[in-house]
Amino acid sequence: MTEPTPAVLDEPIPEGHEPSGKRGARVITREMVTMLTVPPILVAAVFGGFVWWRQTAELDVVEANQLRWSLLINSRFHEVFPSWNPMDWHAPFPSWNPATWYDGPLLQGLIWEHVLLTVVSAVIVVAIAVPLGVMLTRGGLKVLAPIVVGIANAGQAAPSVGLIVLLFLWLDGGFWTAIIALSLYGILPVLRNTIVGIQGVDPTLVEAGRGIGMTGWMTLFKVELPLSVPVIMAGVRTSLVLIAGTASLACFIDAGGLGEILQTGISLFKFSLMVTGAVLIALLALLIEWLGRVLELLTRPKGI
Amino acid sequence: MTETGGTNSDRAISGAELRLDNVVKRYPGQKVAAVDSLSLTVPAGEIVTFVGPSGCGKTTSLKMINRLIEPTSGTILIDDQDIRSDSATSLRRKIGYVIQGGSLFPHMTVATNVGVVPKMLGWDSAKISARVDELLDLVGLDPDRYRDRYPRELSGGQQQRVGVARGLAADPPVILMDEPFGAVDPITRQRLQDELISIQRELGKTIVCVTHDIDEAIKLGDRILILQEGAQIAQYDTPENILAAPANDFVADFVGAGSTLKQLSLTRVRALDLNRPTTARVGDDTAPVMQHAEQAGDETVVVLDDRDRPVAWPWLRQMRNNPTVRGEPRENLLTIDQAATLNDALDTMLTSTHSKVIVTGDRDRYLGVLDFETVTDHMRHAEREAAEHVEQAQRENGVPGQGRHERTPEDSHD
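Residues numbered from 1 in each chain as written. Chains lettered and ligands numbered in written order. Predicted model: local features only at pLDDT ≥ 70, side-chain atom pairs only at ≥ 80, totals over all residues.

Focus on the overall build of chain A
Okay, so step 1: Helices and strands together make up the secondary structure of chain A, namely 13 helices and zero strands.
Okay, so step 2: Its helices and strands in sequence order give chain A the pattern α-α-α-α-α-α-α-α-α-α-α-α-α, from N to C terminus.
Okay, so step 3: The buried share of chain A, reckoned over its 304 residues, is 34%.
Okay, so step 4: Look at the contacts in chain A between residues 6 or more apart in sequence, and 75% of them connect residues 24 or more apart. (Helix = DSSP H or I, 4+ residues; strand = E, 2+ residues; numbered from the N terminus. Buried ≥ 20, exposed ≤ 12 C-beta atoms within 10 Å, placed from the backbone. Contact = placed C-beta atoms within 7 Å.)

As structure tokens, this is what we get:
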């Protein structure tokens, strides 16, 4: 039966196909589901394979020592973080003192160390790059944006080993030197995405905000930043992955991380250690990338 | 039968008088001023439309009123108070601002969007949510259904409605509209225009509306300000007077040919007699309704909801199948407001299968049905009258064309 007045009004009103869940819930596409489920499954599978190999293969003394297990099963978190002493430049965590590592190069310790290097650097990167990026989109500072992005670009273009070694020569080795190097290295994606994200906010929305009486700060916090969160978070994810990969070089300046296994493998020409180091770093990077994606999805404001 | 409710003379006016006095805007590095000495008074409670070719300074003039653009010199007064006597942000919170496409914040729900200004003004949340519901209802959106939606879940027309609701949220005396209906399709635009007129009839705000569409200007404006390059006033008058006696060639050109036909845009549907065919309520028994309709010789029945709003318009043969009268979602039925012009009415009839159109009043209340014959009769009558009017105006003003400025070929019609 046709309607007596079939004239179509507006575009189709989205009412027939109301989403089954809560109104305005984030849209989850098939692609996103794939992106979110495949990496952890892959990581779990490969890690499972590694565990199987580690348990069944016949290891010589060096390998067995280097890939000591006990910690993975019997968590030594309290030993890893016995007392926080940030004033100790070389080893804020005493039990992580590189001097002690050779007695027990602890797999879990190295993983934790790698994660800590990555996360601390990423937090510092966000704390610096987001406010800096915001500043570079405001009024008179806008002209400085290309210069600062240029510097950050150069920071990233410089070989990471070079950056780390330069800082080592200047500041000596240790955890915080590595953090500075990694932060410098990871700042560009967040900085650039913050600037691009804020510049990409529809100017009519900003003007609408001003036009209905928002102050400059309110426009920033209620309109510009929320709308650029997806872009900024994409930068954070890129940065996390960059840092996680580069953190493998931290072992050269006595800052630990999974690079340790790789380095030992190379210097002793132990193929098994090299592969283990490479695989574990890759798995960690994959996992961190995945976490970045989850974070991206969770922080994305509803409605966009 | 044509008019229900109050007339224009006794309606409430909540708007404020707006006065521009020798306002100039000169951008650095440009020889010609964007706005050169604009003086203008907008009476309280009227809609004034700013219309003119692109780059004539109409939007600049509008934005100077809420200080998005600061004038180089001159003063702007709202209710005899200089707009610079307060900070720009607190001024803007007292002026409604409606922008093309609604410009809703996509990460906020409809309710949050509408409640932004009241929240900044420090209203408590209960008052804000009551106000939001009231406004959504006013602009024709069911609050229960739309309150918690995000802008991307709305159609263009619905977004624009929310935009209007946001502009009205803090009950500002003055509302500025910048090409408010530029981004929606013609039928929706016409409907939104009708609703704006209806809302304005109810609220009596002072509205300044920028548009490049002369038809929209004629339809919406109590007065029209036609601007030339540099925001020079070409004419500032009522639509009737501008159509009957354009001040110069520029205006005549801008208003365009067929101004006799355009007179149709001036005639509101409320000036015509409406038919009152059989009506029924949602849920009534079909049999007595059909009997009544057949006796009255009607082929269709207008179905109203509990708030007297038309919701369906079935033919008798379509009703036969159901024991009770059924409604449809109101959005699916094409109706026009009593303030719609005859042009709109004809447009709507042509898209309808009835060759008639349902006319509504305040808040979509049903008034009657307008048919094609009534309109054509009126057209013939109006044409005759308009011809006489123009003749008379020419006799009074002497030879037409006297004192007209040189026309340049670039003058755009927009």
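Having put the structure on the table, let's press on.
Overview of the nonpolar core
Okay, so step 1: Membership of the largest hydrophobic core comes to 112 residues, with the highest contact counts inside it found for B:V114, B:A165, B:L176, B:V208, B:V303 and B:A345.
Okay, so step 2: Counting the residues that make up this core, at least three belong to each of domain 1 (16-256) and domain 2 (271-375) of chain B.
Okay, so step 3: In contact with B:V114, other than residues within four places in its own chain, are B:V132, B:L135, B:L136, B:V162, B:A165, B:R166 and B:A169.
Okay, so step 4: With 49 residues, the next largest nonpolar core counts A:L191, A:M233, A:A244 and A:I288 among its residues. (Core = buried A, V, L, I, M, F, W, Y, C linked by C-beta atoms within 7 Å. Domains from an automatic or database assignment.)

Quick notes on the packing of helix α3 (residues 110-120) of chain B against helix α4 (residues 125-138) of chain B
Residue and element names in this part refer to chain B.
Okay, so step 1: Interaxial distance between α3 and α4 falls to 9 Å at its minimum, and their mutual angle equals 125°. The angle between the axes of α3 and α4 places the two elements in the oblique class. Crossing of α3 against α4: the hand is right-handed. Judged by residue contacts, A111, V114, G115, P118 and K119 of α3 engage I128, S129, R131, V132, L135 and L136 from α4.
Okay, so step 2: Split into classes, the residues belonging to the contact of α3 with α4 amount to seven nonpolar, two polar and two charged. (Axes fitted to C-alpha atoms, helices over the stretch in contact; angles between N-to-C directions. Parallel < 35°, antiparallel > 145°, perpendicular 65-115°, else oblique. Left-handed = near helix turned anticlockwise from the far one by under 90°. Nonpolar A, V, L, I, M, F, W, Y, C, P; charged D, E, K, R; others polar.)

Some words on the sheet that holds strand β14 (residues 335-337) of chain B
Residues and elements named next belong to chain B.
Okay, so step 1: Strand order in the open sheet formed by three strands is β14-β15-β16, with mixed pairing between adjacent strands. Each edge of the sheet is formed by a strand with only one pairing partner; in this case those strands are β14 and β16 (366-371). Averaged over all pairs of adjacent strands, the angle between strand axes in this sheet comes to 35°, irrespective of strand direction.
Okay, so step 2: Sheet topology note: the strand β15 (residues 356-360)/β16 ladder contains five bridges and is antiparallel. Bridge pairing in β16 places V359 opposite G368.
Okay, so step 3: Running at roughly 130° to β15, helix α14 (residues 342-351) makes contact with β14, β15 and β16 of the sheet. (Pairing = 2+ DSSP bridges.)

A few points about the environment of B:I78
Residues and elements named next belong to chain B.
Okay, so step 1: Looking at the secondary structure, you find I78 in strand β4 (residues 73-78).
Okay, so step 2: As a C-alpha pair, I78 and N241 span 163 residues in sequence and 26 Å in three-dimensional space.
Okay, so step 3: Beyond its immediate chain neighbours, meaning those up to four positions away, I78 contacts A16, L18, I83 and V174.

Details of the domain arrangement of chain B
Residue and element names in this part refer to chain B.
Okay, so step 1: Annotation of chain B at the domain level lists domain 1 (16-256) and domain 2 (271-375).
Okay, so step 2: Each side of the interface is counted separately: domain 1 has nine residues, and domain 2 has nine residues.
Okay, so step 3: A total of seven residues in the side of domain 1 that touches domain 2 trace back to one element, the largest contributor, which is helix α7 (residues 186-203).
Okay, so step 4: Split by residue class, the side of domain 1 that touches domain 2 holds one nonpolar, three polar and five charged.

Section: the interface of chain B and chain A
Okay, so step 1: In this assembly, 42 residues from chain B lie in contact with 29 residues from chain A.
Okay, so step 2: Elements supplying a minimum of two residues to the side of chain B that touches chain A: α2 (88-93), β6 (95-99), α3, α6 (156-168) and α7 of chain B.
Okay, so step 3: Ranked by residue count, the leading element in the side of chain B that touches chain A is α2(B), at four residues.
Okay, so step 4: Looking at the side of chain B that touches chain A residue by residue, the class counts come to 17 nonpolar, 18 polar and seven charged.

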